[in-house]
Amino acid sequence: FNIYSMKHLLVGFFLLVAVASFSQDKKKLDEKNGFRDDIFGAPIESYKTLVEVDKTKDGFQILYRKTDENFSLGIIELSSVTYTFYKGKLDAILLSTKGYTNSRGVLDILISNYGNGYQSNRYIEDYFWFGKKVVMSYSENSLTNDATIFIATKENDKEKETDKKESIKKVKI
């Protein structure tokens, strides 16, 4: 038993702890399954204050904003909140912030609720949380410190892929 064996044992232990704690975070993300009171899969008919912003050519995916949106998370200000519906059901939510204070405030809230997330480069403020049903990302612009937070359900992924393949088959060159 030497120092290298000890290092490998410690690294293995810390990886196990990290994986175990990350699993708990996944569970919380999946349990929330949305943002605030908005639950993924909710039908568009349950929303009364939506205004269409954009949509795909096939009409399957439509982006909306609420006319009565609350742009604050505690003391943190959001600059925009966009809701994406896929075939009439809530599929994703995109939040935006402006400036260091608001962006890092949201990041602090995400970490507090769901753990540290996955960061592929410690010098870049991009974080990812992967649940079984829900995925989330935080991406910060290094020059402006503005950030975008993307939260989405994975429930429609297979249907989206099938629809995409069908759409591609229809394209004639």
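Residues numbered from 1 in each chain as written. Predicted model: local features only at pLDDT ≥ 70, side-chain atom pairs only at ≥ 80, totals over all residues. Heavy atoms only, no water.

*Asks:* Mind showing me how you'd approach the overall build of the chain here?
*Replies:* From N to C terminus, the chain includes three helices and eleven strands. Ordered by position in the sequence, the α and β elements of the chain form the string α-β-β-β-β-β-β-β-β-α-β-β-β-α. For the chain, with 173 residues in total, the buried portion stands at 32%. Considering only contacts in the chain between residues 6 or more positions apart, those separated by 24 or more positions represent 47%. Of the roughly 11,500 Å² that the chain leaves accessible, carbon and sulfur atoms contribute 58%. (Helix = DSSP H or I, 4+ residues; strand = E, 2+ residues; numbered from the N terminus. Buried < 20%, exposed > 50% of the residue type's maximum accessible area, 1.4 Å probe, protein only. Contact = heavy atoms within 4.5 Å. Areas by Shrake-Rupley, 256 points an atom, 1.4 Å probe, with all protein chains shown as cover.)

*Asks:* Would you take a moment to explain the side chain of Asp163 for this structure?
*Replies:* For Asp163, the location among the structural elements is in helix α3 (residues 157–170). For Asp163, a relative accessible area of 15% gives the class buried. Each residue touching Asp163, except ones within four places of it in the same chain, is listed here: Phe60, Tyr86 and Lys87.

*Asks:* I'm lost on the pairing of strand β9 (residues 126–130) in this one. Help?
*Replies:* Every other side chain in a regular strand lies on the same face of the sheet, so the side chains alternate between the two faces. Taking every second residue as pointing to the same face, the buried face of β9 carries Tyr127 and Trp129, while none of Asp126, Phe128 and Phe130 on the other face is buried. One ladder, built from five bridges, connects β9 with strand β10 (residues 134–140); its direction is antiparallel. Bridge assignment links Phe128 to a residue of β10, and that residue is Ser137. Taken together, β9 and the strand that follows it, β10, pair antiparallel across an intervening segment of three residues. (Pairing = 2+ DSSP bridges.)

*Asks:* Looking at this model, I keep getting lost on the environment of Ser46. Mind explaining?
*Replies:* Of note, Ser46 is situated in the loop between β2 (38–39) and β3 (50–55). On the accessibility criterion, Ser46 (45% relative accessible area) is partly exposed. In this structure the C-alpha to C-alpha distance between Ser46 and Lys89, which are 43 residues apart in sequence, comes to 9.8 Å. Within the local environment of Ser46, its side chain forms a polar contact with the backbone oxygen of Pro43, the two atoms lying 2.6 Å apart. (Polar contact = N/O pair within 3.5 Å; in protein donor to acceptor, adjacent residues only side chain to side chain.)

*Asks:* What should I look at first to understand a nonpolar patch on the surface in this one?
*Replies:* A surface patch of nonpolar side chains, about 290 Å² in accessible area, is lined by Tyr118, Phe128 and Phe130. Of note, Phe128 is situated in strand β9. Under the relative-accessibility criterion, Phe128 is labelled partly exposed at 30%. (Patch = residues over 30% accessible without salt bridge, like charges linked within 9 Å, V, L, I, M, F, W, Y side chains within 5 Å. Salt bridge = Lys/Arg side-chain N within 4 Å of Asp/Glu carboxyl O.)

*Asks:* What is the right way to look at the packing of aromatic side chains in this model?
*Replies:* How two aromatic rings sit relative to each other is given by the distance of their centres and the angle of their planes. Under the counting rule described, the total for this entry stands at seven aromatic pairs. Ring plane angle 80° and centroid distance 5.3 Å describe the contact between Tyr47 and Phe85, whose orientation is recorded as edge-to-face. Note that Tyr47 is positioned in the loop between β2 and β3 and Phe85 in strand β7 (residues 80–86), a separation of 38 residues in sequence. The two residues Tyr47 and Phe85 agree in class, both being buried. Ring pairing ties together the aromatic residues Tyr47, Tyr64, Tyr83 and Phe85, which thus form one cluster. Positioned above the aromatic ring of Phe60, the side-chain terminus of Lys87 is 4.5 Å from the ring centre. Directly above the ring of Tyr86 sits Lys160, whose terminal nitrogen or CZ lies 5.6 Å from the centroid. (Phe/Tyr/Trp six-rings, centres within 6.5 Å; stacked < 30°, edge-to-face > 60°. Lys NZ or Arg CZ within 6 Å of the ring centre and 35° of its normal.)

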